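Understanding the architecture of this molecule
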Amino acid sequence: MSENERGRTDLRMPDEDEVFAVVENMLGANRVQVRCADGVERTARIPGRMQKRIWIREDDVVLVEPWDWQDEKGDIVWRYEKSEADQLREEGHIQ
């Protein structure tokens, strides 16, 4: 049996300028507090293309693209479903 037949799905992985993060707190005004895998807590912005289509809640696993000019802030570029986040934890990508 191949890995895909056992329930593993191919997930979107971070590019070189993206990092895994877990949503810690909803701040309002399309902003959230996230704890990134690189150890930095950032204020992340939910872009307009995601606001009404993808709902982001506390404890969701997301991909964040930190800003070049302000490292303590960033943009959310992707949200993982619960099953995808569990798979990432099992494979050791996030804690």
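Looking at an unreviewed UniProt entry, one finds the chain named Translation initiation factor 1A and attributed to Halodesulfurarchaeum formicicum. On record in UniProt, under Sequence similarities (unreviewed entry), the comment for the chain is "Belongs to the eIF-1A family." Recorded in UniProt under Function (unreviewed entry), the annotation for the chain is "Seems to be required for maximal rate of protein biosynthesis. Enhances ribosome dissociation into subunits and stabilizes the binding of the initiator Met-tRNA(I) to 40 S ribosomal subunits."

Applying the stated criterion to the full structure yields eight salt bridges. In this structure, Asp71 and Arg42 form a salt bridge, with 3.1 Å as the shortest nitrogen-oxygen distance. Within this pair, whereas Asp71 is found in the loop between strand E4 (61–66) and strand E5 (73–79), its partner Arg42 is found in strand E3 (residues 41–45), the two being separated by 29 residues in sequence. For Asp75, the salt bridge is made with Arg45, and the minimal N-O distance between the two is 2.8 Å. With Asp75 in strand E5 and Arg45 in strand E3, this residue pair connects regions lying 30 residues apart in the sequence. We classify Asp75 as buried; its relative accessible area is 18%. Shared partners join several salt bridges into a network, and the residues in it are Asp38, Arg42 and Asp71.

Scanning the model with the defined rule gives two aromatic pairs in all. Geometrically, the ring pair formed by Phe20 and Tyr80 is tilted, given 6.0 Å between the ring centres and 45 degrees between the ring planes. Taken together, the residues span a long stretch of sequence, with Phe20 in strand E1 (residues 19–28) and Tyr80 in the loop between E5 and helix H2 (82–90) at a distance of 60 residues. The two residues Phe20 and Tyr80 agree in class, both being buried. Arranged with centres 5.1 Å apart and planes meeting at 25 degrees, the rings of Trp67 and Trp69 form a pair that is stacked. Here Trp69 falls in the exposed class, since its relative accessible area comes to 66%.

Reading the values: the criteria
Residues numbered from 1 in each chain as written. Predicted model: local features only at pLDDT ≥ 70, side-chain atom pairs only at ≥ 80, totals over all residues. Heavy atoms only, no water. UniProt positions renumbered as here; feature names shortened; annotations may be inferred. Salt bridge = Lys/Arg side-chain N within 4 Å of Asp/Glu carboxyl O. Helix = DSSP H or I, 4+ residues; strand = E, 2+ residues; numbered from the N terminus. Buried < 20%, exposed > 50% of the residue type's maximum accessible area, 1.4 Å probe, protein only. Phe/Tyr/Trp six-rings, centres within 6.5 Å; stacked < 30°, edge-to-face > 60°.

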